[in-house]
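A structural walkthrough
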Amino acid sequence: MAQEKTKKDNTKIGAVIILIISAIVFIPFGGYEVMNAFFGKNKAPVFGKYDGKEIRYEAGTTFTRATQNLADRYKSMGYEVSSEAYYYIFNQAFEETVKDMAYLNAVEKSGYTVPEEAVNRRLITYYTDETGKYSKRIYNQTDKATRDSVAEGVELTLAYTRYTDDLLGSSLSVNGENLYGVKTSSKEIDFIADMGRKNHSFRVVTFDTEKFPAEEAAKWASSNMEKFVKYNLSVITVDTQSEAESLLKQLNANEITFDDAVTEKSQQYYSDAQGKISRPYHYQLEIAIEDKNEVSKVTSLAKDELSPVVKTVRGFSIYRADGSATPADFTDEETLNVVLTYIKTNEHGYIEDYYTNIANNFIAQTAKTSFDEACEKFDVTYSDTTPFPVNYGSSSMYSAAPSNMNVLNNLSTNAEVLQKIFALKENETSAPVLLGTNITVFKCIGIMDDSTEVDKEQLKNRIASANNSTVTNALMTSDKVENNVWQAYFDHFANLGD
């Protein structure tokens, strides 16, 4: 990342990128020449494509201007731009270039051309004196190549803004109405501001599924004993069936020993270097062997007996029984840990049901006594939230759920839970809900209207920013976009040094 010469917080660099307006692509600045290594040592790298057209870093391209202009902006704000910062600059420049190509293509298809008078009006601002008036002297002192470049940039900018004004609206207005763009209701701002006024606060109790007790795991496993039988096996695995069949013939003819075959032939996909299987439980064999009907060919082997060739998920395997299987023993700590891992991975619904029953009993207890007494009886601790509104997706338009409570991390994207808890009346307790991986109970402890005055101009800016972000995201996820920024940066720039 960039380091600011004045040693201000360098985390601001991300915000700087976001705040740079799209039109920077078309306004020619000085061109911060930090990429000479490309021109001197490499063919101009391709950072991606839009609609089949390559986006290269080479002289005169929109992408190059965008990159240099962004770098110059950093420099003018006191940042020392490092090679690491260029990755973020390249990303931003790539996005701006894609928008440039998409917007200008749309304008061209529409048949719109920028009026010469509009270009001239904008050009006046480039040739003004210290009083702010147009200076013919400054114009005449500017070389023709620069004047042509500036005029071209202005024309492109006006074409670009013609599209964005029509699509997203313009800051230009007449009698309070936007001059361009989709017209919106005069009540839009008030409507959005009011969406976040109804705030609820909650008392929250969580039953942590990670604390699922071992004794409960053993109860479940007692009905699934076969899964946790431990087998004493070794295995040879090769990549092709023909190789495995040939090797099995050699083993049966005593032309090669099993141990030598392990050392010389076997891929260690399912074993250690000595051939001992690394996942010896029955359910693990079921995962490794592709056809579950063939598991019995391995589990039924007598000591020293070889299995036929078995197709495994990766490769083809020959198993050897080294001794008898060990029945599941749920008093053994190692086996119990295996059971816990299995249930948490494959049977989380069983754990959820277990804690849902506890949570229901907890809720019943709160009705008999109180929330505090129920917490004490069930050995749980509650937390109270600050008031917050319904905000699916954590929109920047208004407040989101409190960020200081981990239990609420998944709330903003869980529409079902949001609907349930915001339907609660004051002092009403919810049924148990699954939030993230835990079972949670909410009690509504307050409903209030937020009377804070909304900064409507700031809200307008947020709406405009959200619109712009939506357009950018839509473009960048389009099938027309091929994004190779990271690969190009890594291949051509990351190792050049600062």
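Residues numbered from 1 in each chain as written. Predicted model: local features only at pLDDT ≥ 70, side-chain atom pairs only at ≥ 80, totals over all residues. Heavy atoms only, no water.

**Some remarks on the overall build of the protein**
Within the protein, the regular secondary structure consists of 19 helices and 14 strands. In the protein, which comprises 498 residues, the proportion classed as buried is 41%. Long-range contacts, defined as pairs at least 24 residues apart, comprise 67% of the intrachain contacts of the protein with a sequence gap of at least 6. Working note: accessible area of the protein is about 28,000 Å², and carbon and sulfur atoms make up 47% of it. (Helix = DSSP H or I, 4+ residues; strand = E, 2+ residues; numbered from the N terminus. Buried < 20%, exposed > 50% of the residue type's maximum accessible area, 1.4 Å probe, protein only. Contact = heavy atoms within 4.5 Å. Areas by Shrake-Rupley, 256 points an atom, 1.4 Å probe, with all protein chains shown as cover.)

**Regarding the confidence of the model for the protein**
Chain-level statistics for the protein give a pLDDT mean of 84 and a share of 87% at 70 or above. Across residues 1–34 the pLDDT falls below 50, and counting only partners more than four positions away or on other chains, this stretch makes 78 contacts in the model. (pLDDT = per-residue confidence, 0-100.)

**Looking at the pattern of salt bridges**
Taken as a whole and assessed by the stated rule, the structure comprises 17 salt bridges. Asp259 serves as the salt-bridge partner of Arg320, at 3.9 Å between the closest nitrogen and oxygen. Of this pair, Arg320 sits in strand E10 (residues 316–321) while Asp259 sits in helix H11 (residues 258–264), placing them 61 residues apart in sequence. Several salt bridges share partner residues, and in doing so they unite Asp259, Lys276, Arg320 and Asp322 into one network. (Salt bridge = Lys/Arg side-chain N within 4 Å of Asp/Glu carboxyl O.)

**Quick word on the sheet that holds strand E14 (residues 481–483)**
Reading across from one edge, E3-E2-E14 is the order of the three strands in this open sheet, with antiparallel pairing throughout. What marks the edges here is a single partner per strand, and that holds for strand E3 (53–56) and E14. Direction aside, neighbouring strands of the sheet carry axes that sit 25° apart on average. Two elements, strand E2 (residues 46–50) and E14, share three bridges in a ladder whose sense is antiparallel. The residue bridging Tyr50 from the neighbouring strand is Val481, located in E14. (Pairing = 2+ DSSP bridges. Axes fitted to C-alpha atoms, helices over the stretch in contact; angles between N-to-C directions.)

**Examining the packing of helix H4 (residues 83–110) against helix H7 (residues 144–168)**
For the pair H4 and H7, interaxial distance at closest approach is 9 Å and the crossing angle is 80°. Here H4 is positioned roughly perpendicular relative to H7, judged by the angle of their axes. Packed against H4, whose contacting residues are Glu96, Lys99, Asp100, Tyr103, Leu104, Ala106 and Val107, the element H7 presents Leu156, Ala159, Tyr160, Tyr163 and Thr164 at the interface. In terms of residue class, the contact of H4 with H7 is made up of eight nonpolar, one polar and three charged. (Parallel < 35°, antiparallel > 145°, perpendicular 65-115°, else oblique. Nonpolar A, V, L, I, M, F, W, Y, C, P; charged D, E, K, R; others polar.)

**Description of the pairing of E2**
Pairing between E2 and E3: four bridges, direction antiparallel. Note on E3: the bridge partner recorded for Tyr50 is Lys53. What sits between E2 and E3 in their antiparallel hairpin is a turn of two residues, with Asp51 showing a positive phi close to 55°.

**Here we look at helix H9 (residues 214–221)**
Of the positions making up H9, those classed as buried are Glu216, Ala217, Ala218, Trp220 and Ala221. Looking at the buried positions of H9, the neighbouring elements they touch are helix H14 (333–346) and helix H15 (348–368).

**Focus: unusual backbone geometry**
Where the residue is not glycine, phi is negative for most of them; where a peptide bond is considered, it is trans in most cases. The backbone of Asp304 shows a phi angle near 70°, a positive value even though the residue is not glycine. Here Asp304 is to be found in the loop between helix H13 (295–299) and strand E9 (310–311). Backbone geometry places Asn427, a non-glycine residue, at a positive phi of 75°. Looking at the element boundaries, Asn427 is found in the loop between helix H17 (415–422) and strand E12 (433–435).

**Regarding the sheet that holds E12**
Spatially, the four strands line up as an open sheet ordered E11-E7-E13-E12, and their pairing is antiparallel. Whereas interior strands pair on both sides, the edge strands pair on one side only; in this sheet they are strand E11 (383–384) and E12. Two strands pair when backbone bridges link them, and E12 and strand E13 (residues 438–449) are joined in this way by three bridges, in the antiparallel orientation. Looking at E13, one finds that Leu434 is bridged to Ile439.

**Here's the deal with the pairing of E13**
Sheet analysis places strand E7 (residues 198–207) next to E13, joined by 10 bridges and oriented antiparallel. Pairing of Val204 across the sheet is with Phe442, part of E13.

**Description of the environment of Ser296**
Mapping Ser296 onto the fold places it in helix H13. Considered as a pair, Ser296 and Glu286 are 10 residues apart in the sequence and their alpha carbons are 9.6 Å apart.

**Some words on the nonpolar core**
Core analysis: the largest hydrophobic core is formed by 39 residues, its most contacted members being Phe47, Tyr50, Phe63, Phe90 and Phe94. Those elements that provide at least two residues to this core are E2, helix H3 (62–76), H4, helix H5 (116–123), H7, helix H18 (456–476) and helix H19 (485–492). With 12 residues, the top contributor of residues to this core is H4. Counting 29 residues, the second-largest nonpolar core is a separate cluster that includes Phe212, Ala328, Val338 and Ile439. (Core = buried A, V, L, I, M, F, W, Y, C linked by side-chain atoms within 4.5 Å.)

**A look at the environment of Gln250**
Examined against the element boundaries, Gln250 turns out to sit in helix H10 (residues 241–252). Residue Gln250 is classed as partly exposed on the basis of its relative accessible area of 26%. In this structure the C-alpha to C-alpha distance between Gln250 and Ala261, which are 11 residues apart in sequence, comes to 9.6 Å. In this structure, Gln250 is in contact with Glu255 and Ile256, ignoring residues within four places of it in sequence.

**Considering a nonpolar patch on the surface**
A surface patch of nonpolar side chains, amounting to about 270 Å² of accessible area, comprises Ile124, Tyr134 and Tyr139. Its place among the elements puts Tyr139 in helix H6 (residues 136–141). (Patch = residues over 30% accessible without salt bridge, like charges linked within 9 Å, V, L, I, M, F, W, Y side chains within 5 Å.)

**Focus on the side chain of Ser271**
Considering the arrangement of structural elements, one finds Ser271 in the loop between H11 and helix H12 (282–288). The buried category is assigned to Ser271, whose relative accessible area is 8%. Here Ser271 is in contact with Val235, Lys276, Ile277 and Ser278, once residues within four sequence places are set aside.

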